[in-house]
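Fold and geometry: a report
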Amino acid sequence: MARGRQQRSSRTRRSAPGGGRLRAWGADHARAAIGALGRLSRSRVASGMTAGVLGVALALPAAFLLALDNLERHASGWDDGAQISLFLQEETSPDEQQGLAEEILQRPEVQRTRTVTPEQALAEFRELSEMDDAVAMLDDNPLPPLVVVYPEPGTPAGAVEALTRELGRKPAVARARLDLEWVQRLQAIMELSRRIAWLVAVLLALAVVMVVGNTIRLAIENRREEIVVTKLIGGTDAFIRRPFLYEGAWYGLLGGVLAVILVEGGRLVLSGPLERLAELYRTGPLLTGLGLDGILLVWLAGVGLGLCGSWVAVGRHLAAIEPR
Amino acid sequence: MIEFDGVGKQYPGGHEALRGLSFRVDPGELVFLTGHSGAGKSTLLRLIPLLERPSRGQIVLNGINLARLARRRIPYLRRRVGMIFQDHRLLYDRTVYANVALPLVIAGTPAADIGRRVRAALDKVGLLHRETAYPVTLSGGEQQRVGIARAVVTRPPILLADEPTGNLDPELSEEIMGLFEAFNRVGVTVLIASHDLGLIQRLGHRYLRLSEGRLVGDTLNDGAGG
Ligand SMILES: Nc1ncnc2c1ncn2[C@@H]1O[C@H](COP(=O)(O)OP(=O)(O)O)[C@@H](O)[C@H]1O
Ligand SMILES: [Mg+2]
């Protein structure tokens, strides 16, 4: 008789269609996710504070990296302004000067060239410096013929430097100067800032993992009896783990949402003064936001780190709870 | 159904709770386990759903050698063995209904079937009208019946009960034992630990006697009132 019962129950289980089992599995996940969210909302103050800490920890690196992105965008505009000034030997004739400019223009890494004769240079100088009288006192034009070379935008700094050295060796060229150094310095500083930002991001990510881990550890402690009873009546490890993993993921998502609000809110606060600055300097928009990609990335980071934290807590503490 | 062969259990610290235990319970049997306090009754029961592992000997359950059961298979073993405890082990922040539904939820029973099966189990133990109550509002006997409903709701072929009437007066005790007899009549194999030898002898089923971890008696006690 017992055998009959057994076979009957195992037959019903086996005959359950695959779709039904998948649905049960989905229902399990939905129950765990909704249950975890319910527990979060029941202890609103405590979970709010945890989410707040996570929000700040996620917002800081996001804001830092966003600011660097903005800075880089503007700096790349300046980068395109790189130019090589070739000061020629004084005795170079205008024809030779023109010939040299055309020869240089043939090079693929050169976008355009401009020639400035000593007379033009002097005129420009007068105009700019408003020192007509002083210049008039010169009996000889001291300015050399000049060829200005504009490299193709986006040419790497190293290539531009090599080009400068090479052009400087031409016999007609007295001196070659590259107006790039400050851009390089800026780029070096930004590279360093980026490294620092990532370092801070990694440390704060660690903090997020630890905060979530500790929160989940407490949640496990609070639900010890439930875990024990669930193990007693045949709950699998995955079943017991699931609500805690979802809890961690929810915390991460809440932190991510809060971080986006903080970053975008901060941008809003800065937008007034920045707009004025942009007007004065006639640049484009100075500060672009996270954008959809950035927002999703912050949320993903939050969820991922939250899962990480709860995974660590679950791994360390669930196994220790065995039915007594 | 349940086979012990030379089973010994030594707890960490050296105490030998069970020694050289061999017996067999056939499918559909109802067997009592008796002996004074500390004789090893709880220990014996806990070995069956692998809440403890034996130190010696082997246990075969429904043809499965428990020593060879992988750790990850243990939950599935426990789903086939209904356990009832003296202290009920209910979840006090959940309703009677939720407590009884838990094994079904764990087993991934489709939501549509859960309500029907929970009510069927509650009906069997006579608590259908209390499904929305919280366990603290129930008497000891009622809580024990919730525990029984939870153990049988998945229709396991084996029921184990550790002092299920330990805190109850004689009348309620007989009522609870009556429930076990009813499950046994529909084919469930039942093993009940109880130190109440008087009650056991009145009920008239086979009983095993433990003393200091050894099996000292296996009485058939077929004649009612024995
Ligand atoms: N977890 C444990 N650790 C150490 N000793 C234990 C443990 N559980 C029970 N014991 C000991 O094993 C013996 C048998 O206990 P138990 O199986 O609970 O007996 P019973 O249920 O018959 O009263 C007792 O001496 C008890 O002290
Ligand atoms: Mg006991």
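Quantities reported herein were computed from a predicted structural model and do not represent experimental measurements.

Summing up its helical and strand segments, chain A has 11 helices and four strands in all. Look at the contacts in chain A between residues 6 or more apart in sequence, and 83% of them connect residues 24 or more apart. Accessible area of chain A: about 19,200 Å², with a carbon and sulfur share of 62%.

The next point concerns the overall build of chain B. For chain B, the helix and strand inventory stands at seven helices and 10 strands. Relative to a compact globule of 226 residues, whose C-alpha radius of gyration would be 17 Å, chain B shows 17 Å and is just as compact. With respect to the principal axes defined by its C-alpha atoms, chain B has extents near 45 × 45 × 35 Å. Per-residue burial over chain B gives 56% buried out of 226 residues. Contacts in chain B between residues far apart in sequence, at least 24 positions, make up 67% of those at least 6 positions apart. Where the 29 positive side-chain charges of chain B centre and where its 23 negative ones centre are 10 Å apart.

Further remarks concern the site of ligand 1. Close to ligand 1 lie A:Arg324, B:Tyr11, B:His15, B:Ala17, B:His36, B:Ser37, B:Gly38, B:Ala39, B:Gly40, B:Lys41, B:Ser42 and B:Thr43. Ligand 1 is flanked by residues contributed from chains A and B. Between B:Ala39 and ligand 1, the recorded distance is 3.3 Å, taken from a backbone N or O atom to an oxygen atom. Taking B:Lys41, its main chain carries an N or O atom lying 2.8 Å from an oxygen atom of ligand 1. Look at ligand 1: alone it shows 560 Å² of surface, and the protein chains cover 64% of it. When residues in the shell around ligand 1 are grouped by element, the largest group, three residues, is from helix α1 (residues 41-47) of chain B. In the shell around ligand 1, the residues fall into three nonpolar, seven polar and two charged.

This part is about helix α3 (residues 96-106) of chain B. Residue and element names in this part refer to chain B. Taken across its 11 residues, α3 has nine buried, putting it largely inside the fold. Those residues of α3 lying buried are Val 96, Asn 99, Val 100, Ala 101, Leu 102, Pro 103, Leu 104, Val 105 and Ile 106. Trailing α3 by a residue or two, Gly 108 shows a phi angle of about 75°, which is positive.

It is worth spelling out the pattern of salt bridges at this point. All names here are of chain A. Inspection of every chain in the model, using the stated rule, returns 27 salt bridges over all chains. With a closest N to O distance of 3.1 Å, Asp 28 and Arg 242 form a salt bridge. With Asp 28 in helix α2 (residues 18-42) and Arg 242 in helix α10 (residues 237-281), this residue pair connects regions lying 214 residues apart in the sequence. On the accessibility criterion, Asp 28 (11% relative accessible area) is buried. A residue is classified by how much of its surface remains accessible, and Arg 242, at 14% relative accessible area, is buried. With a closest N to O distance of 3.3 Å, Glu 221 and Arg 224 form a salt bridge.

A few words on the sheet that holds strand β4 (residues 56-61) of chain B. Residues and elements named next belong to chain B. Spatially, four strands are ordered β2-β1-β4-β5 in an open sheet, and the strand pairing comes out antiparallel. If you trace the sheet from one side to the other, it starts and ends with β2 (16-25) and β5 (64-65), each paired once. Two strands pair when backbone bridges link them, and strand β1 (residues 2-10) and β2 are joined in this way by six bridges, in the antiparallel orientation. Residue pairing in the sheet places Lys 9 in a bridge with Leu 18 of β2.

Residue and element names in this part refer to chain B. Here strand β3 (residues 30-34) runs beside strand β9 (residues 206-211); their pairing, made up of four bridges, is parallel. Looking at β9, one finds that Thr 34 is bridged to Arg 209. Where β9 folds back on strand β10 (residues 214-219), the antiparallel hairpin that results is connected by two residues, among which Glu 212 adopts a positive phi of roughly 50°.

Here we take up the packing of helix α5 (residues 140-152) of chain B against helix α6 (residues 170-185) of chain B. Residues and elements named next belong to chain B. With their axes 11 Å apart at the nearest point, α5 and α6 run at an angle of 10° to one another. When the axis of α5 is compared with that of α6, the two are roughly parallel. On α6, the residues that touch Gly 141, Gln 144, Arg 145, Ile 148 and Val 152 of α5 are Leu 172, Glu 175, Ile 176, Leu 179, Phe 180 and Phe 183. A breakdown of the residues in the contact of α5 with α6 according to their chemical character gives seven nonpolar, two polar and two charged.

Attention now goes to the confidence of the model for chain B. Regions with low pLDDT carry predicted coordinates that are not meant to be interpreted in detail. Per-chain confidence: chain B averages 92 in pLDDT, with 98% of residues scoring 70 or above. Confidence estimates for the predicted assembly give a pTM of 0.75 and an ipTM of 0.90.

Okay, the domain arrangement of chain B next. Residues and elements named next belong to chain B. Domain parsing of chain B yields domain 1 (1-80 + 157-226) and domain 2 (90-155). A straight line from the C-alpha centre of domain 1 to that of domain 2 covers 24 Å. On the domain 2 side, the residues contacting the 11 residues of domain 1 number 13 residues. Regarding the contact of domain 1 and domain 2, the summed buried area is about 950 Å², with carbon and sulfur atoms giving 72% of it. The three residues of domain 1 that bury the most area against domain 2 are Arg 79, Leu 179 and Phe 183, which together make up 48% of that side's buried surface. Where domain 1 meets domain 2, there are zero salt bridges. Scanning the region where domain 1 abuts domain 2 turns up two residue pairs in polar contact (both at pLDDT 80 or more). A per-element tally of the side of domain 1 that touches domain 2 places α6 first, with six residues. For the side of domain 1 that touches domain 2, a count of residues per class yields nine nonpolar, no polar and two charged.

Here we take up a nonpolar patch on the surface. Residues and elements named next belong to chain A. A cluster of nonpolar side chains, contributed by Val 257, Leu 258, Ile 261, Leu 292, Leu 296 and Trp 299, occupies part of the molecular surface with about 530 Å² of accessible area. Its place among the elements puts Leu 296 in helix α11 (residues 291-317). On the basis of relative accessibility, which here comes to 45%, the residue Leu 296 falls in the partly exposed class.

Procedures and definitions
Residues numbered from 1 in each chain as written. Chains lettered and ligands numbered in written order. Predicted model: local features only at pLDDT ≥ 70, side-chain atom pairs only at ≥ 80, totals over all residues. Heavy atoms only, no water. Helix = DSSP H or I, 4+ residues; strand = E, 2+ residues; numbered from the N terminus. Contact = heavy atoms within 4.5 Å. Areas by Shrake-Rupley, 256 points an atom, 1.4 Å probe, with all protein chains shown as cover. Rg over C-alpha atoms; globule rule 2.2 N^0.38 Å. Buried < 20%, exposed > 50% of the residue type's maximum accessible area, 1.4 Å probe, protein only. Lys, Arg positive; Asp, Glu negative; His and termini not counted. Charge placed at Lys NZ, Arg CZ, Asp CG, Glu CD. Near = heavy atom within 4 Å. Polar contact = N/O pair within 3.5 Å; in protein donor to acceptor, adjacent residues only side chain to side chain. Nonpolar A, V, L, I, M, F, W, Y, C, P; charged D, E, K, R; others polar. Salt bridge = Lys/Arg side-chain N within 4 Å of Asp/Glu carboxyl O. Pairing = 2+ DSSP bridges. Axes fitted to C-alpha atoms, helices over the stretch in contact; angles between N-to-C directions. Parallel < 35°, antiparallel > 145°, perpendicular 65-115°, else oblique. pLDDT = per-residue confidence, 0-100. Domains from an automatic or database assignment. Buried area = accessible area lost by both parts, 1.4 Å probe. Patch = residues over 30% accessible without salt bridge, like charges linked within 9 Å, V, L, I, M, F, W, Y side chains within 5 Å.

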